[in-house]
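Read off the chains here:
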Amino acid sequence: MSTAHYLILAALLPLVSFVVLIARGKYFGGLAGPFATVLLFGSLGLSVIATVTWIAKPEFNAAHYAETLSYRWMPLPASTPPVPAPDVAAPASAPATGASGAAAPEGGIPFGVLVDSLSIAMFTMVTLVAALVHLFSVAYMKDDPKTPRFFALLGLFCFAMLGLVLANSLPQIFVFWELVGIASYLLIGFWHENRAPAMASLKAVLVNRIGDALFLVGIGLLTVHVGVANLTLYDASGTPVLASAVASTGQTELLNPQPQSILQDFTRLAVASDAGSILFHNFGASFLGLSWLTWAGLCIFGGAAAKSAQFPLHVWLPDAMAGPTPVSALIHAATMVAAGVFLVARVYPILTMDARLIIAVLGCVTLAIGALMAIVQTDLKQILAYSTISQLGYMMLFLGAGGYVAGVMHLFTHAFFKAGLFLAAGSVLHDLHHQQDLRRMGGLWKRLPITAFAALLAGLSLAAAPWFSGAFSKELGMACVYDFAHRLSLGGGGQAKYAMTLFWVPTVGSYLTAFYIARFWWLTFGGAPRDEKLLQHLPPPHENALMTLPLILLAFLSLSLWFGPFFGVASLIGKSLPPGVPIVRPSESTQLLIAPFLSYAFATGLIVPLWYWRGFAFADRFIRLPGINLVYVWLRQKMFFDDLYRGVLVTLTLAAAGVLAFCDRFLVDGVVNAVGMVTRVLGRLSDLFDRDGIDGAVNGVGSAAAAAGRAALTTQTGRIRTYLLLLLWVLAATATLLLLLYQH
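The shown structure was predicted, so the numbers you read here are calculated from the model rather than taken from an experiment.

Colleague: Help me understand the overall build of the protein in this model?
Modeller: Scanning the protein from N- to C-terminus turns up 28 helices and four strands. Buried residues in the protein amount to 53% of all 744 residues. Considering only intrachain contacts with a sequence separation of at least 6, the fraction spanning at least 24 residues in the protein is 81%. Surface summary for the protein: the accessible area is close to 32,200 Å², and the carbon and sulfur share equals 71%.

Colleague: Hey, could you run me through the side chain of Asp144 in this one?
Modeller: In this fold, Asp144 is placed in the loop between α3 (117-140) and α4 (147-166). Buried within the structure, Asp144 lacks any salt-bridge partner; its nearest side chain of opposite charge belongs to Lys146, at an N-O separation of 5.6 Å. Of the polar contacts made by the side chain of Asp144, one reaches the backbone nitrogen of Lys146; its length is 2.8 Å.

Colleague: Help me understand the nonpolar core, please; the structure alone is not making it clear to me.
Modeller: One recurring pattern in soluble globular proteins is that nonpolar side chains are buried together. One finds Met122, Leu222, Trp316 and Tyr404 to be the most contacted residues of the largest nonpolar core, which totals 224 residues. Looking at this core, the element that brings in the most residues is helix α16 (residues 404-431), giving 18 residues.

Colleague: Would you explain the environment of His314 in this entry?
Modeller: Considering the arrangement of structural elements, one finds His314 in the loop between α10 (292-307) and α11 (316-319). Of the residues examined, His314 reaches a relative accessible area of 3% and is grouped as buried. Setting aside anything within four residues of it in sequence, one finds His314 in contact with Ala309, Ile369, Met373, Ile389 and Phe641.

Colleague: Please explain the packing of aromatic side chains as it appears in this structure.
Modeller: A ring pair, where both rings are aromatic, is described by two values, the distance of the centres and the angle of the planes. Evaluation of the coordinates by the stated rule reveals 21 aromatic pairs. A centroid spacing of 5.4 Å and a plane angle of 75° characterise the contact between Phe150 and Phe190, whose relative ring orientation is edge-to-face. Pair noted here: Phe150 is in helix α4 and Phe190 is in the loop between α5 (170-188) and α6 (195-226), with a separation of 40 residues, a long-range link. The pair formed by Phe150 and Phe190 is uniform in burial state, with each residue classed as buried. Grouped by ring-pair contacts, the aromatic residues Phe150, Phe151, Phe190 and Trp191 constitute a single cluster. The positively charged end of Lys146 is found above the aromatic ring belonging to Phe190, 4.6 Å away from the centroid. A cation over a ring is seen here: Lys474 above Tyr394, with NZ or CZ 4.5 Å from the ring centre.

Colleague: How should I be thinking about helix α18 (residues 469-489) in this particular structure?
Modeller: Note that an α-helix has 3.6 residues per turn; residues three or four places apart therefore point the same way. Between its first and last C-alpha atoms α18 spans 30 Å; for 21 residues at 1.5 Å apiece the expected length is 30 Å, and the two agree. Summarising burial for α18: 16 of the 21 residues are buried, a large majority.

Colleague: For this particular structure, what's the right way to read the packing of helix α19 (residues 501-525) against helix α23 (residues 588-599)?
Modeller: Put simply, α19 and α23 touch, their axes get as near as 9 Å, and they point 40° apart. When the interaxial angle is binned, α19 and α23 end up oblique. The residues of α23 that touch α19, namely those facing Phe503, Trp504, Thr507, Ser510 and Tyr511, are Ile594, Pro596, Phe597 and Leu598. For the contact of α19 with α23, the per-class residue count stands at seven nonpolar, two polar and no charged.

Colleague: What's the story with unusual backbone geometry in this structure? I'm lost.
Modeller: For residues other than glycine, phi is negative in most cases, and the peptide bonds are mostly trans. Cis geometry marks the peptide bond from Phe311 to Pro312, where omega comes out at 5°. Phi at His433 is positive, roughly 55°, even though this residue is not glycine. Mapped onto the elements of the fold, His433 is located in the loop between α16 and α17 (449-462). Exposure remark for His433: the relative accessible area of 53% places this residue in the exposed category. Here Ala464, not a glycine, exhibits a phi torsion of approximately 60°, which is positive. Here Ala464 is to be found in the loop between α17 and α18. Its relative accessible area of 8% is what places Ala464 among the buried residues.

Colleague: What is the right way to read the packing of helix α14 (residues 353-374) against helix α15 (residues 380-400) from this model?
Modeller: When two helices pack together, their arrangement is given by the angle between the helix axes and by the axis-to-axis distance. Contact geometry for α14 and α15: axes closest at 7 Å, N-to-C directions at 160°. By the angle between their axes, α14 is roughly antiparallel relative to α15. When you trace α14 past α15, the crossing you get is left-handed. Within the contact between the two elements, α14 uses Arg356, Leu357, Ile359, Ala360, Gly363, Cys364, Thr366, Leu367, Gly370, Ala371, Met373 and Ala374 and α15 uses Ile383, Tyr386, Ser387, Ile389, Ser390, Gly393, Tyr394, Met396, Leu397 and Gly400. A breakdown of the residues in the contact of α14 with α15 according to their chemical character gives 14 nonpolar, seven polar and one charged.

Colleague: Help me understand the pattern of salt bridges in this model?
Modeller: Overall, the coordinates contain 14 salt bridges when judged by the stated rule. The partner of Lys57 in a salt bridge is Glu67, with the nearest N and O atoms 2.9 Å apart. Pair noted here: Lys57 is in the loop between α2 (32-55) and β1 (67-75) and Glu67 is in strand β1, with a separation of ten residues, a long-range link. You can call Lys57 buried: its relative accessible area is 19%. Judged by its relative accessible area of 15%, Glu67 is buried. In this structure, Asp643 engages Arg646 in a salt bridge whose closest nitrogen and oxygen atoms are separated by 3.6 Å.

Calculation rules
- Residues numbered from 1 in each chain as written.
- Predicted model: local features only at pLDDT ≥ 70, side-chain atom pairs only at ≥ 80, totals over all residues.
- Heavy atoms only, no water.
- Helix = DSSP H or I, 4+ residues; strand = E, 2+ residues; numbered from the N terminus.
- Buried < 20%, exposed > 50% of the residue type's maximum accessible area, 1.4 Å probe, protein only.
- Contact = heavy atoms within 4.5 Å.
- Areas by Shrake-Rupley, 256 points an atom, 1.4 Å probe, with all protein chains shown as cover.
- Lys, Arg positive; Asp, Glu negative; His and termini not counted.
- Salt bridge = Lys/Arg side-chain N within 4 Å of Asp/Glu carboxyl O.
- Polar contact = N/O pair within 3.5 Å; in protein donor to acceptor, adjacent residues only side chain to side chain.
- Core = buried A, V, L, I, M, F, W, Y, C linked by side-chain atoms within 4.5 Å.
- Phe/Tyr/Trp six-rings, centres within 6.5 Å; stacked < 30°, edge-to-face > 60°.
- Lys NZ or Arg CZ within 6 Å of the ring centre and 35° of its normal.
- Expected span 1.5 Å × (residues − 1).
- Axes fitted to C-alpha atoms, helices over the stretch in contact; angles between N-to-C directions.
- Parallel < 35°, antiparallel > 145°, perpendicular 65-115°, else oblique.
- Nonpolar A, V, L, I, M, F, W, Y, C, P; charged D, E, K, R; others polar.
- Left-handed = near helix turned anticlockwise from the far one by under 90°.

Okay, here's the thing in C-alpha cells:
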C-alpha cells in the first residue's frame, strides 16, 4: 500500500470506533474504553508505518514532494477565472495551462487526500496524543455511566481532525472543519445536565460560527478569482495548484515582492507606498487599500482565529474547561485549537505580506492577553486554558513573521507538553474528587509523585527551560520574529518605530509564562497542604498506571532531543513548502543575539516559592495595594471581554432582534393580517351577494315555476264532469269579459 492508503486506513479506525460505540455501546459496558483505545493505537501504528515509508522514499530528499489522491465531488459547470489586470503582469514562471497553472480538470469541487511532510508530521502527532488521551481516559472515566458515549465522541473527533489533516482542498478542509466543531461541541457539553458545560459548549459554537462565516467568505473570494477547481492545494504531480492559480492572477508582487531579502521587500514597499506606510501597500488594492488576495487570506485566518482562540475571538476557550479533563487535553493541546494554526500553515503560500503582518500583530496581542490573565487564575484548568491562548498567539506570531518552520514546530512541542500538563491536572482532579481550586491544594507531590514529576518536566518545557522542546521551538521562533521586526523597523514608514514591539512583547511574555506555570506547579504540588480537611476525606494515595503511563511518555516527549537535528523534524517541516515561498531563516548570529533575553526567562519561576511560601497570604496583601487592586480586578474579570461582548454585542443583537420582531409582528404581520381581514370581509360580502342576490333570483324563478306547476296540477283530476264544469266557468268568464268590453 502507498503512504496515502496507510493514512486513510488510520483515519477510518476512529470512525469505526464512533459507529460501533454509538450503535452498540451499551453492550460493551466497561470494555468501551479499551475497545476505542486499541483502535486509536492501531491508527498510531499505521501512522508510524506511513512515516517510515515516507522517509524511506527516494523522493523524500527533494525540496518539496507530495502524494495526492484527487477526485471531483459535486460536478459543476466549468468556470473561467477573470483575466489579470493589464497593469499587473502574470509571472513568467506561471505555467501556461490555464488559470490554475496545473493540469487540474474543471467541472467540480475538488476532493482528495494530500500527503506531504506537514500532513505526515501532523497526523503522527495527533494520533500519538489521541492514543495517550484515550489510554488516560480509560481510568479517568471508568465510573461515568456515559463512558461508551464519551469514547464514541472521542472517535468522531479524532476522525474529523485526521480528515482535516489529510484534506487536499479548501472546501474539503471546511467540511472536516465543521465536523471538528460538532464533535467539540458534543465533548465540551458532555455533562450537559449541568449548566456550565451546556453553556460553554454553546458559547464555543457561537464564537466559532463567526470564524466559520469568515472562512467561507475567504473560500468564496478565492473561488471568484481562481475558480472552484483551483481550490485544490496540490495535484498528482505535486504542483501547488492554488498557489499557481493565485500567481497567475497577477498577485506575485503581494506574495513575494523580493524573495531574496525581507529587508529589501519592506524597504521597497515603503518607498512604493504613497503614504510611506509598509502596513498597507497598494499593489492590486481593491478594498480599504488591500488587495482581494489579502482579504481572502485574512478571512481564512478569521476561521483559524476562532478555532485557535485568537484575539478577539478567544473568549470561548476558558469556558470550555467545563468539559471532561481528557477532552481539554485532546482539544486544547493537540487537535482543535491546533487546527487553526495548521490551516494558516496550509495556506501560507498564498498569504500576502499585509496578511502576514496583521496575523503577526494579532498573535502578539493574543499571547500578551493570555499570559496576563493566566497569572491571576486560581482554577487549576483555567491557568492552562489561558496558557494555551498565549502559546497559540506565539504560533500565529511566528507564522506571521515568516517563521514557518518555527510556528509549526512550536505547534508540535506545545501539543506534547500541554497535553502532559492537562493530563497531570486530570490526575489531580481525579484524586481530589474534581476539586479545582488552587487555594485548597498544596503539597500534593507526596500523594502524586509521578504526576508531580511529569508536570514539572512539561512545565519546564512550557517555560522554555534549556534542554526542553519548548525552548528549542520558542528560541527559533523568537529569532525569526527579531529578524522580521528589525528589518521591518529599517523599512521606514509610520509603523516602523513600533516594529520592535513584535519582539519585546513576546519576550516579556516568556517571563510571564515561566511565572504562571511555576505558580501552577508550586500551588498544586509544592509547599504544605492548605486544606487538611480536604485531604482527610480522601482515600489513601494511589496513582493509576493507566493514568501515569501517558504522563511519563508526554513528559519524555517534552525533552528537546526529539526535535533536534538528529531526528530532523525541522527539516521535515521545511520540506512541506513549495520552492520560492518566502520564509525567515534566522542566522546563528541572530539566535546568539537574542539568547540572553530568553535563556533565563524560565528562572522567573524561582521567585514563585518565595512569593507563595505561606500560601496566598503575601499575594493577597500585594493585590490590595492601590493601583494593583484595579489591575488585579481587571485581569480576574478577563479584561471585561465577556462583559463587553455581553453588554455591547449581545445587547445590540437582542435589541436588533426586538426591533425586527416588532417589525415582523406589527408591520409585516400587520399588513398580512390587514390584507387577510379585507379579503375575509370581501369574501363575506361576495358570499352574501351570491347567496341572497344571484342564488335568490335563480331560486325565486324556480320557486315561481314550481308554484305555477303545482297550481296547474290541481286542475288535472281525471273526471269529465270536472273538466265540463271548468269549461263552463271559462266560457262564462269569457262572456262576461266580452260583455264588459262591449259596454265600454
